[in-house]
Each structure stands twice: as C-alpha cells, then as structure tokens.
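Each chain, letter by letter, is given below.
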Amino acid sequence: MVQIKFTDIGEGMNEGEIIHYFVDVGDEVEVDQPLVELQTDKMVAEIPAPSAGKIKSIYYATGDIVTVGTVIMEIDTGKDAVITTKAEQQVLVDEGAASALDSQNSFRNPYNRILAAPYTRKIARELGIDIEQIKGSGPAGRVLEEDVYRFSNQSNACNDNQGESHTGIREDAEGTTIPFKGIRKQIATKVSHSLLTIPHVTHFDEVDVTNLNELRKTLKLSGDSISLAAFLVKATVICLKEHQLFNARLDEENEVIRLLTDYHMGIATNTEAGLLVPVIYDVDQKSIRTINKQMKELTIKAREGKLTAGDMKHGTFTVNNVGPLGGTGATPIINHPQTGIMTFYKTKRMPIVLDDDEIAIRSIMNISVSFDHRVIDGAQSIAFTNRFIELVENPNKLLLELI
C-alpha cells in the first residue's frame, strides 16, 4: 500500500487546497500518472503516482484544505509495505511532471494527456471545456491560456454556463459572489499578518527620469532595448548596499536586527490569479541587461501560472512597478519579514523649475518607500530615497557605481 501525502514544496508553505482529482477510487494508475492538483499560496501543483496500482481510498473532497503531511489517498500496489520515501511523496509542478522531448525531439505522452500548465487546465475546467480537444500552440504542442479562450469563443462551449466566467465569478439570486480561496485567500492571510505585525510608514517622493529615458533611447538605437524598471531595480540594489537596514530582518526572539549579505529582489507581479512576487537572486551581481531579461521571464511565468517554489523563495526586498497600470500613489504593504518595499508609479510630463530658474518640461515619476518603523526611521528613509533619486537623475553616476 502506498500513501500519497501532501509534502512541503516551498518555504513556509503549510497548507494547500485540493482543486481537482484526475482519478477516482478503483481506477488503475501507472507510475508518474498525475493524481491530484493542489493550490498553494504560490502555485498550482500536481502530485504524481509514485507506483502503479489501483486507487483504494480518497480521503478528501475537491475544495478541502489539507496541511503538510496529510495523507490524501492510498494506492493498492499488491504489496504490504507502506512506501513513504520523500522521493515518492514529492510534489511536482506541471513543468517537472511532464515528459521531455525524445532523441528526435518529438514529445512522448504516455497517458495521452495534453501538455498544459495546471492553471491552464483549471481555466478549461471552469469553462466546461475538454482540454484534450484543444490543439496547443505552445512548445511541444502545449496548450496555453489563449488557446483555451480561443477554443471557448469558437465553440461557444460556455453558453450553458453564462453565470460563470473564467475568473470564477458566479451569479445567483442574491447577487454576484467570488470564491475567497486559493491564492486570493493566501494573499489575504499574508498581508493581514504583515499589517498587524509591522508598523508601516510610507515615504513619498518624485524623481526626474528624463535623462535616464534619453539614455534608454540611445541604447535602443544601438540594439539594446532595456526597460526603465531594470535601471530602477539596479539603482535600488545600490541603495540597499549603502543603507543596509532596508535589506535586513528583525529577529525579535533574539533581540537583534540581522543585516543580510544577499540581495534577492522580489518583483511584485500582477496576475489574473492575484499578486505574486517572484525573485531575482543576487541582483547586486547582475548587469542591467541580465536584470531586464530575468524580469521579463519571471513576469511571463507568473502570468502563465508556471512559477515554481524556487522562483519565490528568499526575497530580501521587494519592488513594485505600477506605472504601466497608471497609479500615482499608494501605501503598499511590506512583504513580511522584509523591512521595506519600494514602488514606482506613473511617469508624467510636467513643467519643472530648474536650478537656474528656467522652466522646462520633464518626465517626473512618483515613488514611495514603505518601511518597518521598528527598524528604520524617517530620516533613514529620506536618505535612502535621496540616494536613489541621485542615481536615477544622473545616469552617469549610476553607471559609475557599476564599474
């Protein structure tokens, strides 16, 4: 008999929601065949079968919350031994569970299951679509989210379910309701804990990005298209190295503030499932070009529901670029146990009085820094933002710090 358990697949994860079973009691399964899909606070993950056999028992229903170590189901393998090795309990995300290309680069699919991320399959189920009927446009025939929506529009597969959209919104006699579970519920738990634990203070300022935008235009003409956010992230990490309290942890139990030597930048990313924060590791050691590339890759993975636990761990500070959405100011909540979060807002063309009393039209961006007032004071926040403004407004000084 083999017990299928929910094991810890990421830092701090202790529970998950069962969102779909691929099998029923009595079904025969093969090794590595997907059994159940779970939603944690950071990703949708699958548990594959560690052994072949027959599903003997399923202990929880779809929608139930299970904690780490919980036995979800049992497989009768015809053997008396209970197999509970870590390898056999390991939870794999869709990317890891899927078979690779064979020697001729053609995909081998032993269970005749279409390749698709768990979140994409979740969308298909909510729209009442059999994902096996969809021709994928991704690598190796992978079905993407846009493929599901395109199929839905073409076949009108959701006509019989007008009260439900792909966002999970349902209409009933009492009005419209949105399920409060999964990532949305986990986000609520984390931000509530952070706000109740950390005394937040938010400092606002503005920065002239005109010169930096001119530098970006020059680089683009030479073939290097670098986002403004990549420069801002690099300027931020320089400030973190000079003002270490912003890259720290408050250890209340031992009554110390730990100044961290690693600089792992969390990139707050807006997705359909909710706000996710993938991490660029050792950002202080990376070029602006590399930062730009990794930011794009992580943003795409987040929006496609393909982030792994390794993409989300060990962040030491977080930046949040809401400028493309049009925001001009807010009071962001710190990603506990970090001590700060910096947010970049919309850039506007504005008349500015220069040092020689001349008026010029410049590109001005609002910024904010929310910080833990137990660790950082207002004067330190001002020094932090002043240094950031100096680097951004004088790109030559920013480049000088990179040498």
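Residues numbered from 1 in each chain as written. Predicted model: local features only at pLDDT ≥ 70, side-chain atom pairs only at ≥ 80, totals over all residues. Heavy atoms only, no water.

Draft legend 1. Region of interest: the pairing of strand β2 (residues 15-21). Of all seven residues in β2, five are buried, a share of seventy percent or more. Bridge analysis of β2 against strand β7 (residues 65-67) gives three bridges, and the strand direction is antiparallel. Its bridge partner lying in β7, Gly16 is registered against Val66. Bridge count between β2 and strand β4 (residues 34-39): four bridges; the pairing is antiparallel. Following the sheet pairing, Tyr21 is matched in β4 by Val36. (Buried < 20%, exposed > 50% of the residue type's maximum accessible area, 1.4 Å probe, protein only. Helix = DSSP H or I, 4+ residues; strand = E, 2+ residues; numbered from the N terminus. Pairing = 2+ DSSP bridges.)

Draft legend 2. Region of interest: the side chain of Thr385. For Thr385, the location among the structural elements is in helix α9 (residues 378-393). Residue class for Thr385 comes out buried when judged on its relative accessible area of 1%. What Thr385 contacts, discounting residues up to four positions off in sequence, is His203, Asp205 and Val369. (Contact = heavy atoms within 4.5 Å.)

Draft legend 3. Here's a closer look at the packing of helix α7 (residues 228-242) against α9. It is at 9 Å that the axes of α7 and α9 come closest, and there the two elements cross at 140°. When the axes of α7 and α9 are compared, the pair comes out oblique. The handedness of the crossing between α7 and α9 is right-handed. Facing α7, whose interface residues are Leu232, Ala235, Thr236, Ile238, Cys239, Leu240 and Glu242, α9 presents Phe384, Arg387, Phe388, Leu391 and Val392. Across the contact of α7 with α9, the residue classes tally to nine nonpolar, one polar and two charged. (Axes fitted to C-alpha atoms, helices over the stretch in contact; angles between N-to-C directions. Parallel < 35°, antiparallel > 145°, perpendicular 65-115°, else oblique. Left-handed = near helix turned anticlockwise from the far one by under 90°. Nonpolar A, V, L, I, M, F, W, Y, C, P; charged D, E, K, R; others polar.)

Draft legend 4. Highlighting helix α6 (residues 210-221). End to end, α6 covers 17 Å across 12 residues, agreeing with the expected 16 Å (1.5 Å per residue, within 8%). Thr210, Leu212 and Asn213 are the residues of α6 that are buried. Down the axis of α6, the buried set is contained in an arc of 160°. They therefore lie on one face. In this structure, the buried side of α6 is in contact with β11 (200-208), α7, β19 (359-372), α9 and α10 (395-400). (Expected span 1.5 Å × (residues − 1). Arc of directions from axis to C-beta.)

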